[in-house]
Amino acid sequence: MPSNTAGVNPEDAHAGGVAAEQAAALLKDLPTEFDEAVQAVQSAMNPEPGVKGWSAFGDDHVEHMEDVKRHADAIAGNIQGGAEEGARTDQESAEQFPPNI
């Protein structure tokens, strides 16, 4: 679509939403995998004198990973919702004009 026009291609937008949904699905285990990685590092760093603070670090950042996961789900839904609204608007507008001859 030229840069001086406005509109939406519902098929392309829906495909983008599907891609975002697939990306979000890949993040479903992100918090658990991050926590497991922090625990693995903690175990590796356990010998004396040891490094403290791994649990607090992991807990703080697992919450961020949960946020990332929620945001990815929301983005996918928003893209698909926008595609649906664009298609609905096109359909409603098309009903107001005669078919092309």
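Before any of the text, the structure's been laid out above.
Residues numbered from 1 in each chain as written. Predicted model: local features only at pLDDT ≥ 70, side-chain atom pairs only at ≥ 80, totals over all residues. Heavy atoms only, no water.

Draft legend 1. Main features of helix 3 (residues 54–94). In this model, helix 3 (41 residues) spans 60 Å end to end at C-alpha, consistent with the 60 Å of a helix rising 1.5 Å per residue. Every buried residue of helix 3 is listed here: Trp54, Gly58, Val62, Met65, Ala72, Ala76, Gln80, Ala83 and Gly86. Buried residues belonging to helix 3 abut helix 1 (10–26) and helix 2 (30–44). (Helix = DSSP H or I, 4+ residues; strand = E, 2+ residues; numbered from the N terminus. Expected span 1.5 Å × (residues − 1). Buried < 20%, exposed > 50% of the residue type's maximum accessible area, 1.4 Å probe, protein only. Contact = heavy atoms within 4.5 Å.)

Draft legend 2. Region of the structure containing the packing of helix 1 against helix 3. Between helix 1 and helix 3, the least distance of the axes is 8 Å, while the angle of their chain directions is 165°. Taken together, the axes of helix 1 and helix 3 are roughly antiparallel relative to one another. Classified by chirality, the crossing of helix 3 by helix 1 is left-handed. Residues Pro10, Ala13, His14, Gly16, Gly17, Val18, Ala20, Glu21 and Ala24 of helix 1 form the contact with helix 3, whose own contacting residues are Ala72, Asp73, Ile75, Ala76, Ile79, Gln80, Ala83, Gly86, Ala87 and Asp90. Of the residues assigned to the contact of helix 1 with helix 3, the class counts are eleven nonpolar, five polar and three charged. (Axes fitted to C-alpha atoms, helices over the stretch in contact; angles between N-to-C directions. Parallel < 35°, antiparallel > 145°, perpendicular 65-115°, else oblique. Left-handed = near helix turned anticlockwise from the far one by under 90°. Nonpolar A, V, L, I, M, F, W, Y, C, P; charged D, E, K, R; others polar.)

Draft legend 3. Up close: the packing of helix 2 against helix 3. Relative orientation of the contacting elements helix 2 and helix 3 amounts to 160°, with a least axis distance of 8 Å. Classed by the angle they form, the pair helix 2 and helix 3 counts as roughly antiparallel. Note on packing geometry: the crossing formed by helix 2 with helix 3 is right-handed. Two secondary-structure elements touch here, helix 2 through Leu30, Pro31, Phe34, Asp35, Val38, Val41 and Gln42 and helix 3 through Trp54, Ser55, Phe57, Gly58, His61, Val62, Met65, Glu66, Val68 and Lys69. Broken down by class, the residue content of the contact of helix 2 with helix 3 amounts to ten nonpolar, four polar and three charged.

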